[in-house]
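For reference, the chains in residue letters:
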Amino acid sequence: MLGRIVKGLVILLVVLVVAIAALFVGARFHDGPLGPIPGGSLKAGELVSQPPADWTFAQEVQEIEMQLAYESTSRTTWVLVKDGVAYIPCSLTQPPGKTWYKKADQNGQAIVRIAGKRYPVTLTRVQDEPTRTALGQVAVGKYPSAARVSSGGAWFFKIEPRTGAT
């Protein structure tokens, strides 16, 4: 009897692992991320050739989709707006193993999708401490769980127009 229970649990575990693996593989073929699971390229939605000068419309948006222009995968991320300028915050620790922020620091060409519209942009890492501190406060105000990473454990990327984008 105990052997049958163990065998059943092993089969259940294998089915669960295969299902999770299939979800992650299948997400790579999806138009955009599936919640926290990275997805395929951002293809759907109107391509807005010139991003707005004022991003205030995104202030109440909780999450956006972002794809580095030279990658075939996209991810869901937070968005901050301060004085009409949009920023993407990035925790350096959560989730573990991510590397997109290092790549974006080297080459910030990206596409963001907000409310079904795609914007070709350049992500520029914010280096000055007063702006980083202010953005940390904006992040904690909008996302209370950001409090654990706002003190030096996050990078912020300013969303700027990308010249020559197609």
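Look up a bit, the structure's there.
Note that the coordinates shown come from a computational prediction; the quantities given were computed from them, not determined experimentally.

Focus on the overall build of the protein
Right, on to step 1. Scanning the protein for helices and strands turns up three helices and eight strands.
Right, on to step 2. Mapped from its N terminus to its C terminus, the protein presents α and β elements in the order α-β-β-β-β-β-α-β-β-α-β.
Right, on to step 3. For the protein, with 166 residues in total, the buried portion stands at 38%.
Right, on to step 4. For the protein, the exposed surface amounts to about 9500 Å²; the carbon and sulfur share of it is 61%.

Examining unusual backbone geometry
Right, on to step 1. Although it is not a glycine, aspartate 83 adopts a positive phi angle of roughly 55°.
Right, on to step 2. Assignment of secondary structure puts aspartate 83 in the loop between β4 (80-82) and β5 (85-91).
Right, on to step 3. For aspartate 83, a relative accessible area of 70% translates into the label exposed.
Right, on to step 4. Located in the positive-phi region is alanine 115, a residue other than glycine, with phi close to 50°.
Right, on to step 5. Residue position: alanine 115 is located in the loop between β6 (109-114) and β7 (117-125).

Basis of the calculations
Residues numbered from 1 in each chain as written. Predicted model: local features only at pLDDT ≥ 70, side-chain atom pairs only at ≥ 80, totals over all residues. Heavy atoms only, no water. Helix = DSSP H or I, 4+ residues; strand = E, 2+ residues; numbered from the N terminus. Buried < 20%, exposed > 50% of the residue type's maximum accessible area, 1.4 Å probe, protein only. Areas by Shrake-Rupley, 256 points an atom, 1.4 Å probe, with all protein chains shown as cover.

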